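A look at the structure
Now for the letters of each chain:
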Amino acid sequence: MKIRTRIALLVIALLAGIALAAVNGEKILLRDHLTAAQNEWVKTVVEAVAEGVAHDTINGESLRVRNFLRRVVSRDRSLSYMFVSDFDGQIFAHTFDGGLPTAIAANFRNEAHAKSVSYLLAGDEIREVVVPLIAGMEAHLHIGVSQNKIDALIAKARNDLFQAVLLVFVIGLGLAVLVGRRMSRPLRLLAEQIQHYGEEGRDARVVVDTTEPDIKELATSFNEMIATRSRAEAELAKSEESLRTTLNSIGDAVIATDISGNVIRMNPIAANLTGWNSPDAEGLPLNQVFNIVNAKTRAPAVNPVGTVLAHGKIVGLANHTILIAKDGTEYQIADSAAPILDDKGEIVGVVLVFRNVTEEYAVQEALRTSETRLSSHL
């Protein structure tokens, strides 16, 4: 697939993701927005109406209150009706041409102080909000909000959002095509040179004949990366070889673990005693490779590596410890384990050094037996 095609597809996928997220989230966003707006609107209406009718309600000027309420309802298409109940719990003024509809009147008598109730009037779902007209008094303001008109606002907002997303998508698609065409040629040349580097080997260099400064900088950075990587690989290979030579020259068995207690390397003597070759043992828990038990009780011995990782100090095996090799051969061993520290002094692993002392223990046991026999004859 061509580079410019990939760029175009990437931008299209990004725009499609944005569009999908917008479509999926528009209901929540609209609902939250309208809820917040409605709450703010109710607060504003209440403050305005309270200021406009409070004095007249106290003075019993129902006609003035009714005219004021009608002016408010006529100016806001989301409002279906408004009415005020007085300090005695009676209807004081309203915006209906006749009396209160039956459903509203019945609810008012039964639940005069309900904070919110819904009605269905002439096919329109109405949500009525009830708030005190004057703090500390029994007069209340009842506001009927038309849900059908709110739904119309939601539909309009959804349509506007869809058109905006579609416009962004079309513009982004055009930009993707333009950017892809502009960038494809120098990037294709760079890609060919990088492929040539892979075929030639680590010492090859990327050379791109282009006037684009960004592409030239990218090629230079890639060449510097090649040189740095080659030097690092050479140093690592040299260090690994030196470490391997050192381990193989040590007369004792050596096993190194990581911070989790898993084997990362072992020398030939350790491989010979444990019965595990290094490639098979690497990555395994030390307990699986270095199987030790107490010579007298045959109980599993304490793993010295776990002790080092827990306490961060050098530890040694208890006397009479036996190593059971992979093939079942047993060796009397002596060992010690020490933490491996990085340049910050933090533990990054453990090195375990041990040796076969089976013959030494046999000689010591023979000497003790001879001394016992000699003592018994004296």
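Here the structure is shown first, and the text comes after it.
Quick caveat: nothing in here was measured; it's all calculated off a predicted structure.

Further remarks concern the overall build of the protein. Counting secondary structure elements, the protein contains ten helices and twelve strands. The proportion of buried residues among the 378 residues of the protein is 33%. Expressed as a percentage of contacts within the protein between residues at least 6 apart in sequence, the contacts between residues at least 24 apart total 50%. About 23600 Å² of surface is accessible on the protein, with carbon and sulfur atoms providing 56% of the total.

Time to look at the side chain of T95. Looking at the element boundaries, T95 is found in the loop between β2 (91-94) and α3 (102-110). Those residues within four positions of T95 in sequence are excluded, and the remaining contacts are L69, R70, V73, Y81 and M82.

Attention shifts here to the packing of aromatic side chains. One pass over the full model with this rule turns up three aromatic pairs. Summarising the aromatic geometry, the rings of Y81 and F83 are spaced 6.1 Å apart at their centres and angled 20° between planes, so their arrangement reads as stacked. Exposure remark for F83: the relative accessible area of 0% places this residue in the buried category. Taking the centre distance of 4.9 Å and the plane angle of 50° together, the rings of F290 and F354 count as tilted. Linking F290 in the loop between α8 (286-289) and β8 (292-294) with F354 in strand β12 (residues 347-356), this pair joins segments that are 64 residues apart in sequence. The pair formed by F290 and F354 is uniform in burial state, with each residue classed as buried. Connected via pairs of aromatic rings, a cluster forms that spans Y81, F83 and F96.

When the charged atoms of two side chains with opposite charge come close together, those side chains can pair. Counted by the stated rule, this structure contains four salt bridges. The shortest N-O distance in the salt bridge between R70 and D97 comes to 3.5 Å. A residue pair is termed long-range when its members are at least 10 positions apart, and R70 in helix α2 (residues 62-75) and D97 in the loop between β2 and α3 qualify at 27 residues. Overall, D97 belongs to the exposed group, its relative accessible area being 74%. Of the charged contacts in the structure, one is a salt bridge between R355 and E360, with a shortest N-O distance of 3.1 Å.

On to the pairing of strand β1 (residues 79-85), then. Most of β1 sits inside the fold, with six of its seven residues counted as buried. Direction of pairing for β1 relative to strand β5 (residues 140-146): antiparallel, over a ladder of six bridges. If you follow Y81 over to β5, its bridge partner there is G144. Taking the residues that link successive antiparallel strands as the turn, the β1-β2 hairpin has five residues, and the phi of G89 there is positive, at about 80°.

What counts and what doesn't
Residues numbered from 1 in each chain as written. Predicted model: local features only at pLDDT ≥ 70, side-chain atom pairs only at ≥ 80, totals over all residues. Heavy atoms only, no water. Helix = DSSP H or I, 4+ residues; strand = E, 2+ residues; numbered from the N terminus. Buried < 20%, exposed > 50% of the residue type's maximum accessible area, 1.4 Å probe, protein only. Contact = heavy atoms within 4.5 Å. Areas by Shrake-Rupley, 256 points an atom, 1.4 Å probe, with all protein chains shown as cover. Phe/Tyr/Trp six-rings, centres within 6.5 Å; stacked < 30°, edge-to-face > 60°. Salt bridge = Lys/Arg side-chain N within 4 Å of Asp/Glu carboxyl O. Pairing = 2+ DSSP bridges.

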